[in-house]
Each structure stands twice: as C-alpha cells, then as structure tokens.
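Listed here are the chains, written in short residue letters.
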Amino acid sequence: MSLAAYCVICCRRVGTSTSPPKSGTRWRDIRNIIKFTGSLILGGSLFLTYEVLALKKAVTLDTQVVEREKMKSYIYVHTVSLDKGENHDPFSTVDIEDHECAVWLLLRKSKSDDKTTRLEAVQEMSEAHHWHDYQYRLIAQACDPKTLIGLARSKESDLRFFLLPPPLPSLKEDSSTEEELRQLLASLPQTELDECIQYFTSLALSESSQSLAAQKGGLWCFGGNGLPYAESFGEVPSATVEMFCLEAIVKHSEISTHCDKIEANGGLQLLQRLYRLHKDCPKVQRNIMRIIGNMALNEHLHSSIVRSGWVSIMAEAMKSDRIMEASHAARILANLDRETVQEKYQDGVYVLHPQYRTSQPIKADVLFIHGLMGAAFKTWRQQDSEQAVIEKPMEEEDRYTTCWPKTWLAKDCPALRIISVEYDTTLSDWRARCPMERKSIAFRSNELLRKLRAAGVGDRPVVWISHSMGGLLVKKMLLEASKKPEMSAVINNTRGIIFYSVPHHGSHLAEYSVNIRYLLFPSLEVKELSKDSPALKTLQDDFLEFAKDQNFQVLNFVETLPTYIGSMIKLHVVPVESADLGIGDLIPVDVNHLNICKPKKKDAFLYQRTLQFIRETLAKDLEN
C-alpha cells in the first residue's frame, strides 16, 4: 500500500507543478514510477501465486486419509460388558454423522435380543451393495460372531464384510509345517481308539519319521504300512506325509475330546497355514475342511474357530465354482450357524441345497446314497462326454455339471433339501485305506442312520435315491429304523425310493472276484454281494414285505450294457433279474453300471423320469 501511495504522489507532482519542469527531472520521476510499478506488479503476482497454492493445498482432500479416519469410528464404541446382567447399549453414545446412521442402526439391530430382528439385520446387510468400502470394513470390525456367520451364509454378501484372518504365529526355529503337523498328531490321545484311527495314526507317524530321515540324507521308502499308498510314488514326500497326518487327524476330529486337544495345541492356526500352502491341492484342502467341520460340531469351540479367521476363509470358499469345495465350506458354516440351523452335519453328510440361508420354505428331503467305489459328488455327475464339455449351450442349466442334484434338481425343485452322503468302500482288501476295517452293510447302515438322524432326516417327508450297493444300505437302514422307537420318524416320513442298478439278488462282481487276480482278497462289501449270500437274501425278503406294508413308492432302473473294470475285466455288474425288487416299475436303460445314475443331459430320459417320480411322490407335501 505504501508503494502505491508513493506512485500516486509522484504523479501528482508531475501534474500540478506550476513552474516548467526540467526535462531531466521529469524523466527521472517517470523512471521511478515505472520501477515501483513493476515492483508492485511482480510482488503482487508472487503473493497471489503463493496464496492460491496455499489455498489449493488447504482444500485438497486425501481420500485415503479420509477413508482411514472414517474407519476409526468403531474405536469409539464403548466395550460391551460380558456380564449379561448389565444392560449396556454400545451404540447409545457413539458420535456419528447423519449419513452413517443406517450402518450403525443395522449393527444395533444385529445385536438385538429378538432373533427375528437379528436375522432381518443380517439380511439387510447382505443386500447392501451401494456402501463405501470403509462401511463394509466397519461392519466387519464391529459385528459379533453370530452376525459374521450369518453374513457368510448369505448368498449376496460382499466379501468386504470379512476381515483377513489374523497373522499366523511363526514356525519354530529349525521346524517345518510337516514336523509341526506330526507333533500335533503325536499330542493327541492314543488310547481308547478304534483300530482304524490307531492304524492311520501309526502310519502317519511312521511315514513322517521316514520323511525326516530322508531330509537328513536317508532314503524315502514306501514299504511296510505304506503299501496301500503305493500310488503316491510320484508325489513330493513331504506333501505325502502331510496327507497321512491329515487323514489321521480327520479320524481323531470325530472324537469331541480330541477336538479340544487340536484347538489347545494350535491346530486351527497350523491347519490354516497348510490350507494356504496347498491352495492348488484340493484334496489337501478338503481334508482340512473335514477337520474344521468336525470341530464345528462342538459349540464350545465356535468362538475359537471364528477368532482364528476360518469364517472369512469359508465365506470365500462358499462362492467357489467348484461344487466340492463350496459344499465342504457350507457344511462348516452350517455347523457354526446355530441361529438358523438346528441340525448337525457330521463327517460325510453334505447339503447340496440349500447351502445358504434362504426364505424358501423347505418341505421335503431327497437323499443320495452312492455305491461301491462311489462318492458324494462324483457318483452324481453328468455322464462324461467330450461333446458335453466342448459345447457351449446358451442355457446355464444345460452346461456340463459335476453334480446334477445340486445344479439341476435344486433349480427344478427349490423347496427340497438335497443331501448327499459319503462313506469309504473298496473292491479289494489289498487296496483298503484301512486294512483292519471290516465294515458290513449292517454296520455301515447303523452308522449312516445315526448321522442322518442328527442331520434332521425324518423331520420332513423323504425320498431316497441310491446307486448299486447304496440301495442295499437304504434297505437295511429302513429296516433298522423300524426296530428303534427313536427312529420311527424316518419310517413315517419315507415316501419313496429310487434304485439305480441295485443288486437286490446279488452281483456278478462277487463271482468274478474269486477268479480274477485283480480282485484278489475281495473286500467284505464285495463278498456280501454274492448271489448265494444268506444275509443278502434275508435283507431282500424282509424289506420286500416291509415296503409293501408301508406302501412305499418305488422306481427301479437297471443297466443293459457291460462295464469295464480296469483294462482286463468286462462284466454285466447287475443283471436285469437282480435289479428287480419285486415292487415298483423296472426300467432298463442302455448304459453301463457306472453311467446308470449319470444322465447325459438335463432333458435325458434318466433325469426327467427321476424328476417326475420325485414330483409325483412328494406332490401333496410340496403343495402344503
């Protein structure tokens, strides 16, 4: 301002002077004005530039910082007292902005004493797809275990609701995951075990000792008890030993007190480390999920399972395109979800539909029981066909499926709960996973019946679907259930049975097993399929009379083509006369024994006739 005033004064002097100014003085004054005016303009420009830059810096927002600051809002929530007698509201004094109210109100609803309100809150959270990232993270930080499990079992939930699992403890010095897994197995009780658990434990510890010796310069050997696993020659020794140990721990995890030991000895964290290391090995991951699923049967371990981060891992696995992985994850989360699931799914019992929480009323159950050398998923896949894999049909349901009950039947009959069961079987004791295991049809039927009843089978109308030896198990289960008052609901609610090539009167497989070297030492399951088996004849006679009395609806399918077993054996496993139960329709199909339960496509006769039977048999129940 002083500079501007000086310039004005100089101008006035030039303009108001009465005497003729001297030329030199005038030009000197003009130079002074130009000098000071230039300084003014330059200084002003610099000043304005500085102010603009400072203002810009002041108003520029670092969005990441804003997000981090907003995420800190959960820090100010008052800690909830663990004393149930105190009625504290953790959300009554929290300082939040207006647009954040919806998130916090949902959190408050999720902690309500009213179950219906809690379930509504979880559903609303799962349907939120317009939130900012920090809002999902806020829920993840502030929600309780019940809400977290509910979100994991909600189909539309965003994975940002789930925090990363906590950091895993470091391995001990000079140790490895293999050695720590061996130590975990060795720490489990070794008394009062059945022969198979003892066998698996002994084998795992023995082979892991050989592996450690090999790492120190010894030789890897598959001799001795490792003979049943000779097919593992091509695997890396440490990975093979880990599989031995995991299979042993799977058996131990079926015992509640052993689950407590696994948790106490850091098993949840160690299994998570293995799960991450073997992300490209589904077989290892499935065994790990079997263990976690067994541990989840024990409600007192739920908090430990949640804290260790397994819910976040299973939430992601549930969204996998691989049906087996998603089904194992669904079993774990269902066993953890005591809000909406009363049933408990033991090892080998898998719900194919519904795997998520649903508002769809479930009105009936359909159970799938595989046969000899079968499995809960692969038995019920679409018939293998190069054309089916290569083609890319327009309709989603027409694409190749690895499990048609989950892909096709669940869509056609959404009001059904679809369960598939898995159990171990072998053709020969030489290849038995547990040489000491001699499980008869009677033993297996009691074991499966107990597991299915724990899963709530019998509480709704039931249709049984079985393949091969699985049909004999179904018959034996129903006969056993009829003798036990606590199992009467299973009989009263059984509506119908589908038999896919079930050898009601015996199989040629048992006859061939005596003479073919490939089937040397036939397993007990194969021996029981012999045509002259007294047990098989008694089972057929007793069940036929029982089924007629109960008025069960029955549908029988039978193969007409021979089946190749290995590269040398070709035989008609179940002839037409053996597949005839004596009641119900008997339908021959031009396929072999393996493909009798694998439709070529959705509109194939096999699937459409099966679907028709289910709908007709359960018509009254599905209408109610």
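Everything quoted here is computed from the prediction, not taken from an experiment. (Residues numbered from 1 in each chain as written. Predicted model: local features only at pLDDT ≥ 70, side-chain atom pairs only at ≥ 80, totals over all residues. Heavy atoms only, no water.)

Looking at the pairing of strand 1 (residues 349-353)
For strand 1, the tally of buried residues reaches 5 of 5 residues, placing the bulk of the element in the interior. Across 4 bridges, the pairing between strand 1 and strand 3 (residues 416-421) is antiparallel. Each residue of the ladder has a partner; that of Val351, found in strand 3, is Ile419. (Buried < 20%, exposed > 50% of the residue type's maximum accessible area, 1.4 Å probe, protein only. Helix = DSSP H or I, 4+ residues; strand = E, 2+ residues; numbered from the N terminus. Pairing = 2+ DSSP bridges.)

Concerning the nonpolar core
Core analysis: the biggest nonpolar cluster contains 64 residues, and Ile139, Ile288, Ile292, Met295, Trp310 and Met314 have the highest contact counts within it. With 8 residues, the single largest contributor to this core is helix 10 (residues 237-252). Listed in part, the 44 residues of the second largest apolar core include Val351, Ile369, Trp464 and Val554. (Core = buried A, V, L, I, M, F, W, Y, C linked by side-chain atoms within 4.5 Å.)

Remarks on the confidence of the model for the protein chain
Mean pLDDT over the protein chain works out to 82, with 75% of the residues at or above the 70 mark. Below pLDDT 50 for its whole length, residues 71-86 participates in 14 contacts with residues either more than four positions away or in separate chains. In this model residues 212-237 is a low-confidence stretch, pLDDT under 50, and it forms 39 contacts with partners more than four residues away in sequence or in other chains. (pLDDT = per-residue confidence, 0-100. Contact = heavy atoms within 4.5 Å.)

A short note on the sheet that holds strand 1
A sheet is described by the order of its strands in space; here 7 strands give the open sequence 1-3-2-4-5-6-9, paired in mixed fashion. A single partner strand is all that each edge strand has here, and the edge strands are strand 1 and strand 9 (585-589). Taken over all neighbouring pairs, the strand axes of this sheet differ in orientation by 20° on average, direction set aside. Sheet strands in contact with helix 20 (residues 469-482) are strand 2 (364-369), strand 4 (462-467) and strand 5 (494-500), and its direction is about 140° off that of strand 4. (Axes fitted to C-alpha atoms, helices over the stretch in contact; angles between N-to-C directions.)

A closer look at the side chain of Ser445
With respect to the helices, strands and loops of the structure, Ser445 is situated in helix 19 (residues 441-454). Ignoring sequence-local partners within four residues, the contact set of Ser445 consists of Leu473, Lys476, Met477 and Glu480.

A look at the packing of helix 20 against helix 24 (residues 534-550)
A pair of packed helices is captured by two measures, namely the crossing angle of their axes and the spacing between those axes. The geometry of helix 20 relative to helix 24 is characterised by a closest axis approach of 10 Å and an angle of 60° between their N-to-C directions. Viewed along their axes, helix 20 and helix 24 form a crossing whose handedness is left-handed. In contact with Leu472, Lys475, Lys476, Leu478, Leu479 and Ser482 of helix 20, helix 24 contributes Leu536, Leu539, Gln540, Asp542, Phe543 and Phe546. In the contact of helix 20 with helix 24, the residues fall into 7 nonpolar, 2 polar and 3 charged. (Left-handed = near helix turned anticlockwise from the far one by under 90°. Nonpolar A, V, L, I, M, F, W, Y, C, P; charged D, E, K, R; others polar.)

Concerning the packing of aromatic side chains
Throughout the structure, instances matching the rule amount to 14 aromatic pairs. Ring centres 5.1 Å apart and planes at 75° place the aromatic pair Tyr136 and Phe161 in the edge-to-face group. In this pair, Tyr136 sits in helix 6 (residues 133-142) while Phe161 sits in the loop between helix 7 (145-152) and helix 8 (177-187), placing the two residues 25 residues apart along the sequence. This pair shows no difference in class: Tyr136 is buried, exactly as Phe161 is. Here Phe368 and Trp380 contribute two aromatic rings whose centre-to-centre distance is 5.0 Å and whose plane-to-plane angle is 70°, an arrangement assigned as edge-to-face. A residue pair is termed long-range when its members are at least 10 positions apart, and Phe368 in strand 2 and Trp380 in the loop between strand 2 and helix 17 (386-390) qualify at 12 residues. Across the pair, Trp380 and Phe368 agree in class, each one buried. Ring pairing ties together the aromatic residues Phe368, Trp380, Trp404, Trp408, Tyr500, Phe557 and Tyr607, which thus form one cluster. (Phe/Tyr/Trp six-rings, centres within 6.5 Å; stacked < 30°, edge-to-face > 60°.)

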